[in-house]
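# Commentary on secondary and tertiary structure
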Amino acid sequence: MLALDVTIAISEHSYQSAKAFLDFLRRAARKHSITLSVSEQFPVVSADAQEMLRFKWPRDINVSVPDKDRESFDLFLQELLLNQGLYYYLCTVSHRREVAKSVVYPIFQQLLESNFKVTYPSLLRRHILEGSRESLMAGQFVEETGQEYEALFQQWKLRMISGYEFIRGVDDLLNGFVLLQLEHKKGDPSPKFNRMVGECGRKDILRTKEIRKLFNLVHSLRTRGLHRLEREIPDSEVSQIALQLYWYFEYLDDYWKAQDRKTVIRRGKRYRRVRYGDEIRYLNFPIPEGYQAEWEKISSGPCGDCGVISGELHLDGCDMERCPCCSGQYLGCECAVEDSGE
Ligand SMILES: [Zn+2]
Ligand SMILES: [Zn+2]
């Protein structure tokens, strides 16, 4: 792995909280024998110009981890999430929600993005803000595959099963999952796993290349173990897979919940929720020239925040969703005050 080197732009407003959070990360990392360096970089210029740069906002802060510590750092980030370390950190600061939103979330998301191929911003936001939701504890999934996955995940986390046993269990589970999604008839011979995964991609069931890769990776680790008795899978690799799949099933659960929730009560009245792609009809400001065409182009791809595709309903907590009552941002408008919380 290469050394990690991330530059984070910090506004004047969040400077102190950002420094405090990075300091917390640095100290916590040191307990894991990881050298995390935090520095403010000023280009080499004259002393006067340096002085000027100190007052320039936003300011760049550089976070780096040497390559020898990269793998441990990877695990460290995962552990912080698993143990709800960010949530507990936030319990110790004042203006918790504000710091969560403007400091902890953006910084951590940036670090995750440099370590994981797939991240789910809206989930992370919730984990950080509602750590006590017990979302990484037992019994949160509604959908059956998610529930089964969670059981495996907990057993592995508690070291009740080995990494390979976990992979084997997950492979069985994913196999059943794709067969079910593709409405495969019982008794028919099942196609090769990676073929089915490809088919799920074409049918918009497994939407991202990364998730299809992850499914295939689990399957190849399992078969490798079967044929060549290579059952020693490094902990860091199992951990990456475990967490990414956890996010995936959590995402899927949220996705189904969101599609089921077709209406919402705002200011005492029931409305149909605004679907992704229809936002243009619900803007509370005049549409700038050329914006409609641009929006159509943008919304032909997945929602930048929650990942749904055109015509679907946004996930809970998505910052793109419009309010059907006032046309403002669903997350930010005032209409929910009288929402009966349906
Ligand atoms: Zn969305
Ligand atoms: Zn509203």
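Residues numbered from 1 in each chain as written. Chains lettered and ligands numbered in written order. Predicted model: local features only at pLDDT ≥ 70, side-chain atom pairs only at ≥ 80, totals over all residues.

Another point: the overall build of the protein. Counting its regular elements, the protein contains 12 helices and five strands. The proportion of buried residues among the 342 residues of the protein is 27%. The contacts of the protein with a sequence gap of at least 6 include a subset with a gap of at least 24, amounting to 65%. (Helix = DSSP H or I, 4+ residues; strand = E, 2+ residues; numbered from the N terminus. Buried ≥ 20, exposed ≤ 12 C-beta atoms within 10 Å, placed from the backbone. Contact = placed C-beta atoms within 7 Å.)

The next point concerns helix α5 (residues 96-113). Of all the bends in α5, the greatest, near 35 degrees, is centred on valine 104, and the proline proline 106 appears no more than four residues after it. Every buried residue belonging to α5 is among Val99, Ala100, Val103, Val104, Ile107, Phe108 and Leu111, and all of these are buried. (Bend = angle between axes of the 7 residues up to and from the residue.)

Right, let's get into unusual backbone geometry. One non-glycine residue, histidine 95, lies in the positive phi region at around 55 degrees. Examined against the element boundaries, histidine 95 turns out to sit in the loop between α4 (85-91) and α5. Its 12 C-beta neighbours within 10 Å are what place histidine 95 among the exposed residues. With a phi close to 65 degrees, serine 327 is a non-glycine residue in the positive phi region.

Buried within helix α9 (residues 193-202) we find Phe193, Met196 and Val197. Within α9, the buried residues cover an arc of 105 degrees as seen down the axis, which keeps them to one side. With respect to the buried face of α9, the exposed residues turned more than 90 degrees away are Arg195 and Arg202. One or two residues past the end of α9 sits aspartate 204, with phi positive at roughly 60 degrees. (Arc of directions from axis to C-beta.)

The next subject is the packing of helix α8 (residues 163-181) against helix α11 (residues 235-260). Between α8 and α11, the least distance of the axes is 10 Å, while the angle of their chain directions is 35 degrees. α8 and α11 meet at a crossing whose hand is left-handed. Contact residues: Gly163, Phe166, Ile167 and Val170 in α8; Asp235, Val238, Ala242 and Leu245 in α11. Of the residues that constitute the contact of α8 with α11, the class distribution is six nonpolar, one polar and one charged. (Axes fitted to C-alpha atoms, helices over the stretch in contact; angles between N-to-C directions. Left-handed = near helix turned anticlockwise from the far one by under 90°. Nonpolar A, V, L, I, M, F, W, Y, C, P; charged D, E, K, R; others polar.)

As a general point, the strands of a sheet are linked pairwise by backbone hydrogen bonds and lie either parallel or antiparallel. Within the open sheet, the three strands sit side by side as β1-β3-β2. Their pairing is antiparallel. The sheet terminates laterally at β1 (4-10) and β2 (37-40), the two strands that pair on one side only. Each strand of the sheet is rotated relative to its neighbour by a mean of 25 degrees, with strand direction disregarded. Relative to strand β3 (residues 59-65), β2 runs antiparallel, the two being bridged by four bridges. Within β3, the position partnered with serine 37 by the bridge is serine 64. (Pairing = 2+ DSSP bridges.)

A separate point is the packing of helix α1 (residues 15-31) against α5. With their axes 10 Å apart at the nearest point, α1 and α5 run at an angle of 45 degrees to one another. Relative to α5, the element α1 is oriented oblique. Crossing handedness for the pair α1 and α5: right-handed. Residues Ser17, Ala18 and Phe21 of α1 touch α5, and the partners they reach there are Val99, Val103, Val104 and Ile107. For the contact of α1 with α5, a count of residues per class yields six nonpolar, one polar and no charged. (Parallel < 35°, antiparallel > 145°, perpendicular 65-115°, else oblique.)

Time to look at the nonpolar core. In terms of nonpolar packing, the biggest core is built from 34 residues, with Val170, Phe215, Val218 and Leu245 touching the most fellow members. When residues of this core are traced back to their parent elements, those giving at least two are α7 (144-157), α8, α9, α10 (209-228) and α11. In terms of residues, this core owes the most to one element, α11, which gives eight residues. Here this core spans two domains, since at least three of its residues come from each of domain 2 (144-259) and domain 3 (262-342). Filtering out sequence-adjacent residues up to four positions away, phenylalanine 215 remains in contact with Leu174, Val197 and Leu206. By size, the runner-up hydrophobic cluster in this structure holds 26 residues, among which are Leu25, Leu86, Val104 and Phe108. (Core = buried A, V, L, I, M, F, W, Y, C linked by C-beta atoms within 7 Å. Domains from an automatic or database assignment.)

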